[in-house]
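# Remarks on the overall topology
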Amino acid sequence: MAAATAVASFGCRTSSSPLTSGPGGRQEPAALIVISDAPAEFMPSTLTIRAGDTVEWRNTGGITHSVEFVGEVIPEGTASSPSGIMAPNETYSYTFTAPGTYAYICRFHVINGMIGKIVVLADEPASGTTADIR
Ligand SMILES: [Cu+2]
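Attention here is on the structure that accompanies the text.

Analysis parameters
- Residues numbered from 1 in each chain as written.
- Predicted model: local features only at pLDDT ≥ 70, side-chain atom pairs only at ≥ 80, totals over all residues.
- Helix = DSSP H or I, 4+ residues; strand = E, 2+ residues; numbered from the N terminus.
- Buried ≥ 20, exposed ≤ 12 C-beta atoms within 10 Å, placed from the backbone.
- Contact = placed C-beta atoms within 7 Å.
- Pairing = 2+ DSSP bridges.
- Axes fitted to C-alpha atoms, helices over the stretch in contact; angles between N-to-C directions.
- Core = buried A, V, L, I, M, F, W, Y, C linked by C-beta atoms within 7 Å.

## What to know about the overall build of the protein chain
- Within the protein chain, the regular secondary structure consists of zero helices and ten strands.
- Along the protein chain, helices and strands appear, N-terminal first, in the series β-β-β-β-β-β-β-β-β-β.
- The 134 residues of the protein chain split such that 18% are buried.
- A separation threshold of at least 6 residues defines the contact pool for the protein chain, and within that pool the share at least 24 residues apart is 67%.

Right under this line is the structure:
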C-alpha cells in the first residue's frame, strides 16, 4: 500500500504574484466612483488607492457631470482632457501612476459641493521579507 498523500513542504515559499500583471486586455478598475444627481456627488468622495490602480467614474444620474482635476498637482494627461465631461451612463477611467493627493470637481455642481479626492499611495512591494532560508 502506497501512501497516496505526498506531503512535500520544503520551507514556505509564498508566491505572491503582483496584481499589475495582466496579459493585455481590459484592466479591471481597482475602484469605482459612482456619480449621482440627487444629491450631486461623487461616492465615495475620498478614495485611497495605490499607484498603478485604475479608477472608474460612472455617471448613474440623468444629467451631465464632469470629472476635472484641480489644484497644484494634476495627474498626467488629464489637464487638457475634455473626457471629464460625462453624459448620463457614461464612464471615465484613469490609471494613476504617480503617488499624491489629487482633487477633482464636477464643473457643473462644484458650487453644490461636488468635489472629490483621490489619494494615491506608493506601490509598495507587498511580498514578505523572508527569502530562502537555506
Ligand atoms: Cu455634477
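After that view, the rundown keeps rolling.
## Some thoughts on the sheet that holds strand E2 (residues 41-43)
- Taken together, the four strands give an open sheet; going across it, the order is E2-E1-E4-E8, and neighbouring strands pair in mixed fashion. Either end of the sheet is taken by a strand with one partner, and the two such strands are E2 and strand E8 (91-95). Between one strand axis and the next, the sheet turns through 20 degrees on average, direction left out of account.

## Here's the deal with the environment of Glu-28
- Looking at the element boundaries, Glu-28 is found in the segment before strand E1 (31-36).
- Between the C-alpha atom of Glu-28 and that of Val-55, which follows or precedes it by 27 residues, the distance is 9.0 Å.

## Comments concerning the sheet that holds strand E10 (residues 115-121)
- In space, the four strands of this open sheet follow the order E3-E10-E9-E6, with mixed pairing throughout. The open sheet has two free edges, formed respectively by strand E3 (46-50) and strand E6 (68-70), since each of these has just one partner strand. Neighbour to neighbour, the strand axes of the sheet diverge by 35 degrees on average, direction disregarded.
- Where E3 lies against E10, five bridges are found, and the strand directions are parallel. Across the sheet, residue Thr-46 finds its bridge partner in E10, namely Lys-117.

## Brief notes about the nonpolar core
- Val-55, Trp-57 and Val-67 are the most contacted members of the largest nonpolar core, which has 17 residues in total.
- Secondary structure elements with two or more residues in this core: E1, strand E4 (54-59), E8, strand E9 (100-105) and E10.
- Looking at this core, the element that brings in the most residues is E9, giving three residues.
- Not counting chain neighbours up to four residues away, the residues in contact with Trp-57 comprise Ile-33, Ile-35, Val-67, Met-86, Thr-91 and Tyr-92.

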